[in-house]
Amino acid sequence: MRKYYTRACNFYYGKQAKNLIKKKFGLPLCGLHTTAFTKIEILSRDKKFKSKVIKIQEIKNLRLDIKKIIQKDIKRIVSRRKKIGKSLDLKHPLIMGILNLTPDSFSDGGLYNNKNKSFLHVEKMIKDGANIIDVGGESTRPGSKQISYLDEWSRIKTVIEKFKKKYSKILLSVDTRKSDIMLNSIKNKADVINDVSGFNYDNDAIKKIKKYKVYKVLHHMQGTPNTMQINPKYKNVLLDIYDFFEKKLNKDFKEFKDKKFILDPGIGFGKNLKHNLILMNKISLFHSLGFPLLIGTSRKRFISQISGKFDNKERLGGTMASILFTLSQGVQIFRVHNVEEVKQGVLVYKKLLNQ
């Protein structure tokens, strides 16, 4: 566990960002000159949590041991992220469309779990602007219970086996915790494995997929779907999840040479409202790990907790607000239900930012 952490902050965009970078008053976030940061927040914990915001020009004045840590973090923060697949450049936000082939997912259970409806929905999401389709056969909503491998595979088998034959240029992501489902999906040319357990549920998962060069979404969840919302607790939610990612990358995945990782802090997975808000408010901390960031806020419960009597089933307004806020901090991938509306909102917001 490290003592000091580095969060990029005080962002600028478009022409202003380019000008600040050119004059060396700012640094490019993830290698993109359309987003600059001029300050960093140094977070630390010893007996208590501490925070200090400084200008990037002040880094040279730090104590030597702290400066070495910060400089290593800065190097990762400003590094250009590699393409996802052969063509998805992360200088543009990516939309991951959700296809739940379950009878009991929290917002769309039972809507698409037959062959015709599932492919019609896939086609619509692709037409609406999805770059990645995330297919799941097991609900991980709060309170849900696990199902067998056979039940899960039977729900997604047809879509997984036919997907890349029909949509060769669209990335296929499979939302599963089970290693045999992962292997079946990889054999059918899946591009991404999205395990909400952070590869903790199935002890064989890491070993079995090690030789395959697929992208791995390293997702954080406290507990299990059945227990995760029963009084979740952290010493410091932001730093605890950072430590989780860093330990996984440096220990469990240290022998993976491909470095194809995507980080997802797991909004709503073992977090209360305060935890979720802290994570979204300071999500740029995770850029110092050097990998693309994914966030899934679509239709999540925190929206209703904030909006109260103005809540509705789609929760599109709250979803869009959280996406645009985290987009402004450099998050690159958004997992959503309403692809068309989110795509429209992102395009308009990016255009306004980059003037």
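One can find the structure itself at the top, above this paragraph.
The shown structure was predicted, so the numbers you read here are calculated from the model rather than taken from an experiment.

(A) Broad picture of the nonpolar core. One finds Ile133, Val135, Phe199 and Phe286 to be the most contacted residues of the largest nonpolar core, which totals 66 residues. For this core, the element with the most residues is helix α7 (residues 237-252), which contributes eight residues. Not counting residues within four places of it along the chain, the set of residues in contact with Phe286 comprises Leu238, Ile241, Tyr242, Phe245, Leu263, Pro265, Leu279 and Leu293. In terms of nonpolar packing, the next biggest core, distinct from the first, is built from 18 residues, Tyr13, Ile42, Ile54 and Ile77 among them.

(B) Just helix α5 (residues 179-187), in detail. The buried fraction of α5 amounts to seven of the nine residues, a majority that puts the element mostly inside the structure. Here α5 has its buried residues at Ser179, Ile181, Met182, Leu183, Asn184, Ser185 and Ile186. Where the residues of α5 are buried, they touch α4 (149-166), β7 (171-175), β8 (192-195) and α6 (205-209). Just past α5, the residue Lys189 takes up positive phi, approximately 70°.

(C) Local environment of the pairing of strand β10 (residues 261-264). The alternating pattern of β10 places Phe261 and Leu263 and Ile262 and Asp264 on opposite faces, both of which are buried. The pairing of strand β9 (residues 215-219) with β10 spans four bridges and is classified as parallel. Paired with Leu218 across the strands is Leu263, a residue of β10. Once the chain exits β9 it traverses α7 before rejoining the sheet at β10, and the crossover so formed is right-handed.

(D) Looking closely at the pairing of strand β3 (residues 32-45). Burial of β3 is extensive: 11 of the 14 residues sit out of reach of the surface. Alignment of strand β1 (residues 4-13) against β3, held across nine bridges, turns out to be antiparallel. Note that in β3 the partner of Cys9 across the bridge is Lys39. In this structure, β3 lies alongside strand β4 (residues 49-55), joined through seven bridges in antiparallel fashion. Its bridge partner lying in β4, Leu43 is registered against Ser51. A loop of three residues connects β3 with β4, the two strands running antiparallel in sequence.

(E) Seen up close, the packing of aromatic side chains. In this structure the tally under the stated criterion is 10 aromatic pairs. Ring centres of Phe253 and Phe261 lie 5.0 Å apart, and the angle between their planes is 65°; on these two criteria the pair is classed as edge-to-face. Grouping residues by exposure puts Phe253 and Phe261 together as buried. Taken together, Tyr5, Tyr242, Phe244, Phe245 and Phe286 form an aromatic cluster joined through their ring pairs. For Lys166, the ring lying beneath its charged end belongs to Phe119, and the centroid distance is 5.2 Å. Here the basic side chain of Lys216 rests over the ring of Phe261, its NZ or CZ set 5.1 Å away from the ring centre.

(F) Spatial organisation of the state of the cysteines. Under the definition given, this model contains zero disulfides. Not part of a disulfide, Cys9 finds its nearest cysteine sulfur in Cys30, a span of 14 Å.

(G) Representation of the pattern of salt bridges. Inspection of every chain in the model, using the stated rule, returns 24 salt bridges. For Asp204, the salt bridge identified is with Lys207, shortest N-O distance 3.8 Å. Ionic pairing is found between Arg315 and Asp311, a salt bridge with its closest N-O pair at 2.9 Å. You can call Asp311 partly exposed: its relative accessible area is 29%. The network of salt bridges with shared partners includes Arg2, Asp73, Arg76 and Glu246.

(H) Layout of the environment of Asn194. Looking at the element boundaries, Asn194 is found in strand β8. Judged by its relative accessible area of 2%, Asn194 falls in the buried class. Sequence separation between Asn194 and Ile56 is 138 residues, and the spatial gap between their C-alpha atoms is 35 Å. Once you skip the residues sitting within four places of it in the chain, Asn194 turns out to touch Asp134, Ser173, Val174, Asp175, Thr176, Val217 and Arg335. Within the local environment of Asn194, its side chain forms a polar contact with the side chain of Asp134, the two groups lying 3.3 Å apart.

Rules and cut-offs
Residues numbered from 1 in each chain as written. Predicted model: local features only at pLDDT ≥ 70, side-chain atom pairs only at ≥ 80, totals over all residues. Heavy atoms only, no water. Core = buried A, V, L, I, M, F, W, Y, C linked by side-chain atoms within 4.5 Å. Buried < 20%, exposed > 50% of the residue type's maximum accessible area, 1.4 Å probe, protein only. Helix = DSSP H or I, 4+ residues; strand = E, 2+ residues; numbered from the N terminus. Contact = heavy atoms within 4.5 Å. Pairing = 2+ DSSP bridges. Right-handed = clockwise from strand over helix to strand, strands pointing away. Phe/Tyr/Trp six-rings, centres within 6.5 Å; stacked < 30°, edge-to-face > 60°. Lys NZ or Arg CZ within 6 Å of the ring centre and 35° of its normal. Disulfide = S-S within 2.5 Å. Salt bridge = Lys/Arg side-chain N within 4 Å of Asp/Glu carboxyl O. Polar contact = N/O pair within 3.5 Å; in protein donor to acceptor, adjacent residues only side chain to side chain.

Interpretation in functional terms is not warranted from these geometric data alone.
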